[in-house]
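Results of the structural survey
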Amino acid sequence: MAPSGLIARRSGFQWLRGDGDLCRPGEVVGFCYLGLLHNAPGIEAPFAEEWIDLQVAVAPRVGGRLRHGAAASQGGFLDQLDQFQYWTPEFALGAIEPEPGLGPPLPGAADEVELLVATGRRRADVAEARAGFLSGWHDRSRAWRLRDGEPFGALLGVGVCEQAGVLRGESNGFLEFFSLFRGSGQAALVPDNPLVPTSRALSEQLARTEADREAIAADMNDWFARGEPRPTPADWIFMGATLNALWRSVLTEPFDVFSRTELRRAKQSDALILSANGEAERLFRHKTLGYHVAVHAWRLARTGLSARAWLDARFEPVRRSIDDVAADYRRLFETVRADPALPQALLVFNSMSTDGEEDLQRYDFVEGPLSRTLRTSRSKEANLMLGDLAREFGLGVIDLDAIAADVGAQRNLPDGVHGSGLLQSELRVELLRMLGAMGVAGFATA
Amino acid sequence: MLLTLNLPHILDYMTAASVEAIHAGVGDELERGAKLLDLKVDLTAGAAHDCPPISYYRILLRERARLTALGVSCGDEPLVGAELARFASLAPETGEGAEGRPARVAIAAIFGPDVWD
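These figures come from a predicted structure and were not determined experimentally.

Digging into the overall build of chain A
- Helix and strand content of chain A: 13 helices and 20 strands.
- Relative to its length of 446 residues, chain A is compact, with a C-alpha radius of gyration of 23 Å against a globular reference of 22 Å.
- Considered along the principal axes of its C-alpha atoms, chain A spans approximately 70 × 55 × 40 Å.
- Among the 446 residues that make up chain A, the fraction classed as buried is 41%.
- Counting contacts in chain A only where the partners sit at least 6 residues apart, residues at least 24 apart contribute 78% of the total.

Description of the interface of chain B and chain A
- Every contact between the two is made by 23 residues of chain B and, on the other side, 24 residues of chain A.
- Those elements that place two or more of their residues in the side of chain B that touches chain A are β5 (54-61) and β9 (105-110) of chain B.
- Per-element tally for the side of chain B that touches chain A: the top contributor is β9(B), with 5 residues.
- When grouped by side-chain class, the residues that make up the side of chain B that touches chain A number 16 nonpolar, 3 polar and 4 charged.

Remarks on the sheet that holds β5(B)
All names here are of chain B.
- Read from one edge to the other, the open sheet built from 4 strands follows the order β2-β4-β5-β9, with strand pairing classed as antiparallel. What marks the edges here is a single partner per strand, and that holds for β2 (18-22) and β9. The mean inter-strand angle of the sheet, taken between neighbouring strand axes irrespective of direction, is 25°.

Examining helix α10 (residues 375-393) of chain A
- Counted at 1.5 Å a residue, the expected span for α10(A) with its 19 residues is 27 Å, and the 26 Å between its end C-alpha atoms agrees.
- Considered for burial, the residues of α10(A) that qualify are A:R375, A:T376, A:S377, A:R378, A:S379, A:E381, A:A382, A:N383 and A:L386.
- Residues of α10(A) that are buried make contact with α8 (322-337), β19 (345-349), α9 (370-373), β20 (396-398) and α11 (400-407) of chain A together with β9 of chain B.
- In the stretch just after α10(A), A:G394 is the one whose phi turns positive, near 70°.

Criteria and thresholds
Residues numbered from 1 in each chain as written. Chains lettered and ligands numbered in written order. Predicted model: local features only at pLDDT ≥ 70, side-chain atom pairs only at ≥ 80, totals over all residues. Helix = DSSP H or I, 4+ residues; strand = E, 2+ residues; numbered from the N terminus. Rg over C-alpha atoms; globule rule 2.2 N^0.38 Å. Buried ≥ 20, exposed ≤ 12 C-beta atoms within 10 Å, placed from the backbone. Contact = placed C-beta atoms within 7 Å. Nonpolar A, V, L, I, M, F, W, Y, C, P; charged D, E, K, R; others polar. Pairing = 2+ DSSP bridges. Axes fitted to C-alpha atoms, helices over the stretch in contact; angles between N-to-C directions. Expected span 1.5 Å × (residues − 1).

So, in structure tokens, the structure goes:
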């Protein structure tokens, strides 16, 4: 591995499958931490904000019984720190004793491993958690597979926790997602903490100037400087993470990727997937600066007194009708479509529109629009609205509502948001199918 | 006829609910569709979770009745099956069993209170 002349160092390997386990072709069996050094002066080092948690997962191209190499893992910090070994192609990581019935081998030399690279951008340098593959508190996490000469597509997920389950999977490292297709591509996830990324917030990020950012930071600094209520450590962390989220514009942020031989700098995402479940009915609008945030109610309930007081004092509640949400989506999509540097393939997970225990026969107890009171009415109207946007913008709607009903919503999506492994798997397949149908490079399924 | 309302089993894994609002008073004569109670169901069962499964429901009356007794107040956390209210049916007597029956109600999933509430 020597992308564009960079020198690769690595830690020892941490095994994800045991010695003697049967493994399929392309199944990730272990990972190591990776460091990339460059000797050329004056060249900006890649992965400026992501180098600490850069990791490489390895998978055999041939199915069989895995045998750990004696020198692959040395345990302790030597399997976490990349200062002590160089990545050399002749290093024997282990061996595979081929077994029949595990599927055809992957193209390429049988004694070479497939690589899946992953990294995350820490919310702060101190947010360290070297507990496993892609562990840590990241405001953006991603994994990619890039083979020389192959077309490459990049998907960016910006939404609520349902996306973490579909994209990062139970492995937490995008492994399930990458097991479903063979091409070169990237999946990235921007999560919903502390702020829920609504379409309105994303549009505001795109329009935000440096002066706007400075004003937001000044407002937060002003509040904390008052010292009343005295900020606790939790308040500092919440406000820091919030400022970090407001400072960035996740749709425009470039990323670096590499293959075995080539480093590609400052790439942009090709596809964007959002969550209808993240389009909160209630937002907070800053009274003087005008920007909007959404925070999960349960997170607010656990926020420190100072941060909560800041929200109470400096923000006012805003309720959004379905038409308001539609307007926010339209504004975002029009902005995105007008800039080729932004992801042009647009997708969204819709939301479950039924509640298995709801048994209404009449609606005259509801004052005003049904969607203002009844969750299921709002979800139904929202899903219809997404259908309109699909026709207007070519939006790809992942029909979580129908898929959940097919697999059994009460068992697999009991609260309408948190799905079982089965449901996540079905959504993953549908997402890849749609990416392929929309012509996003790299994601054609096997 | 005596009608009783017990806390229904709304969700799997639910053991109790929190009474968030009461929309009728003892003595009120209620029409079909009248709002009775708002409930919060928290499936975390006392253990803090990230992204806790908390949902809100409104219980509505599906028949005409007079509210004769309330077994809960706002803030109470009755267990599933606990008696919430009693009613006297306002429908013409049909000779059904004198011991009474469960009140006919409907359940609607609603939005929770505003965080400013």
